[in-house]
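An overview of the molecular structure
Below, each chain spelled out in residue letters.
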Amino acid sequence: MKLLLLFIASIIVNNFVLSYFLGICPFIGVSKRLDSAVPMGFAVTFVMTMTAVITWIINQLILLKLNMPYLQYVAFILVIASLVQFVEMFLKKFIPSLYKAFGIYLPLITTNCAILGLALLEALKNYNFLESIVFGVGSGLGYTLSMAIMAGIREQLELSNIPKPFENAAITLITAGILALAFMGFSGMIAL
Amino acid sequence: MDKKPAIYHFLKGFWDENPVLVQILGTCPTLAVTATAVNGIGMGLATTFVLVFSCVVISVLRKLIPNEVRIGVFTVIIATFVTLADLFLKAYFPDLSKALGPFVPLIVVNCIILGRIEAFASKNNVWLSFLDALGNGFGFTLTLIVMGSIRELLGKGTWFGIPVLLSFYKPMLVMILPTGAFFTYGTLMGISNALKKIKS
């Protein structure tokens, strides 16, 4: 039951984009069209889940056991960078169609702060192994959800009459503000 | 190869190529830590520290780093300075460190830093890289202070913790919540775009 609550909480209540402000750069950069936003969301979900598992192992079984938590940042970013590289090579070799669909977005995931944020939050909140996996999958799906909503809205925005200085990034941020307002309605629903 | 005077590389970060409003880099900390002006200043200075030191180190090493593994090398250097900044803040400014939370370690993936390294420090000499990093860092800090001041003033009625608005002003709580962050950022970006257009 606690795992289910954590899952729902990480999708909507503690949405990475709209309440933690993590992963904003790709959120603004890639959310122009629905058909690139959703694959990006799923790529992030996949990397997030893998990161959650591997950084948990490294953090709990190596760094904390050896009493070296100050190496966390260096270790985490190396894990993420090599993980993204590995996923890229794996997809290129075995699922080339998916590799083509992700294109440039795949290597860019390394600098997506949502991934490192996930690893740090997981270490901060001291989740156990199962909780970490659930947290990773849930946060990834929450990210995909907000990307999809935003892309849907932006496709409509293109048709509307926006004041010139506010075009593109500025109007996207203000729209995100309204979305965050809507997501605030979920806060307090689940206390964790 | 570059005919512009050295001072230009320092000044461009403030307005012409402001990292937050024009390059749209480092958006996550901009939105997350600007609920008060003090947090903005702390975050800005921590980022400036990491930016300046990693740009200088990378500029010194730029001929030794093989092109294929450069991103990995850059990230490790950045992560080292971030760890230093984090430990320093924890030791001397524990309150600020708590308020900034995971956003201090997240400086590692702040795109301003990797962006300036990739676009400037890995191609230019140490002095120019230093000026460029310092200018961008101060531009970033300045924007964070402006955003933090607006949000703190409207959301709490205070500035740097001192009450400045008269007591009949009812603070708008929404300004210090995520929504207010997005609104302030979007509006500032629109205003700066409009100002640029008038100038040209």
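Everything that follows concerns the structure shown earlier in this document.
A quick note: this is a predicted structure, and the numbers were derived from the prediction, not measured.

1. Some words on the overall build of chain A
In terms of helices and strands, chain A carries 9 helices and 0 strands. The helix and strand sequence of chain A, counted from the amino end, reads α-α-α-α-α-α-α-α-α. For a compact globule of 192 residues, the expected C-alpha radius of gyration is about 16 Å, and chain A comes in at 17 Å, within 12% of that figure. Counting only C-alpha atoms, chain A reaches 60 × 45 × 30 Å along its principal axes. Relative to its full complement of 192 residues, chain A shows a buried share of 51%. Summarising the internal contacts of chain A: among those between residues at least 6 apart in sequence, 80% fall at separations of at least 24. Counting only carbon and sulfur atoms, one obtains 71% of the accessible surface of chain A, whose full area is about 8900 Å². If you average the places of the 10 positive and of the 7 negative side-chain charges in chain A, the two averages end up 6 Å apart.

2. Some thoughts on unusual backbone geometry
For N67 of chain A, which is not glycine, the phi torsion reads 65 degrees and is therefore positive. In this structure, N67 of chain A sits in the loop between helix 3 (34–63) and helix 4 (72–94). Of note in the backbone geometry, I24 of chain B takes a positive phi value of approximately 50 degrees without being a glycine. Counting through the fold element by element, I24 of chain B comes out in the loop between helix 1 (6–11) and helix 2 (27–32).

3. Some remarks on the packing of helix 3 of chain A against helix 8 (residues 129–157) of chain A
Residue and element names in this part refer to chain A. Their axes nearest at 8 Å, the elements helix 3 and helix 8 cross at an angle of 165 degrees. Considering their axes alone, helix 3 and helix 8 lie roughly antiparallel with respect to each other. Between helix 3 and helix 8 lies a crossing whose hand is right-handed. By residue class, the composition of the contact of helix 3 with helix 8 is 19 nonpolar, 9 polar and 1 charged.

4. Considerations on the pattern of salt bridges
Inspection of the entire model under this criterion finds 7 salt bridges over all chains. Of the charged contacts in the structure, one is a salt bridge between D35 of chain A and R33 of chain A, with a shortest N-O distance of 3.8 Å. Classification of D35 of chain A as exposed rests on a relative accessible area of 59%. By relative accessible area, which is 43% here, R33 of chain A ends up partly exposed. Notably, a salt bridge pairs R70 of chain B with E118 of chain B, separated by 2.7 Å at the nearest N-O pair. Linking R70 of chain B in helix 4 (residues 70–92) with E118 of chain B in helix 6 (residues 111–121), this pair joins segments that are 48 residues apart in sequence. For R70 of chain B, a relative accessible area of 26% gives the class partly exposed. Using a relative accessible area of 28% as the deciding quantity, one classes E118 of chain B as partly exposed.

What counts and what doesn't
Note that residues are indexed from 1 along each chain, following the sequence as it is written. Labels follow written order: the first chain is A, the first ligand is 1, and so on. Where local features are concerned, this predicted model is filtered to residues with pLDDT of at least 70; where side-chain atom pairs are given and counted, the filter is 80 or more; whole-chain, interface and lining totals use all residues. As a rule here, side-chain values come from all non-hydrogen atoms in the structure, and water together with hydrogens is ignored. In this description a helix means any DSSP run of H or I spanning at least four residues, a strand means any run of E spanning at least two, and both kinds are numbered starting from the N terminus. As defined in this context, the radius of gyration uses C-alpha atoms, and a globule is described by 2.2 Å times the residue total to the power 0.38. Partly exposed residues are those whose accessible area sits between 20% and 50% of the maximum for their type, while under 20% is buried and over 50% is exposed, using a 1.4 Å probe and protein chains only. Any pair of residues with heavy atoms lying within 4.5 Å of one another is described as a contacting pair. Only the protein chains shown count as cover for residues, and all accessible areas are computed by the Shrake-Rupley method using a 1.4 Å probe. For the purpose of charge, His is not counted, nor are the chain termini; Lys and Arg are scored as positive and Asp and Glu as negative. One atom stands in for each charge, and that atom is NZ of Lys, CZ of Arg, CG of Asp or CD of Glu. Helix axes are fitted to C-alpha atoms over the stretch in contact, other axes to C-alpha atoms as well, and angles between N-to-C directions run from 0 to 180 degrees. The labels follow the angle: roughly parallel below 35 degrees, roughly antiparallel above 145, roughly perpendicular from 65 to 115, and oblique for the rest. By convention, the crossing between two helices is left-handed when the near helix turns anticlockwise from the far helix through less than a right angle, and right-handed when the turn is clockwise. Ten residue types, Ala, Val, Leu, Ile, Met, Phe, Trp, Tyr, Cys and Pro, are classed as nonpolar, four, Asp, Glu, Lys and Arg, as charged, and the remainder, Gly among them, as polar. Only one rule defines a salt bridge in this text: a Lys or Arg side-chain nitrogen within 4 Å of an Asp or Glu carboxyl oxygen.

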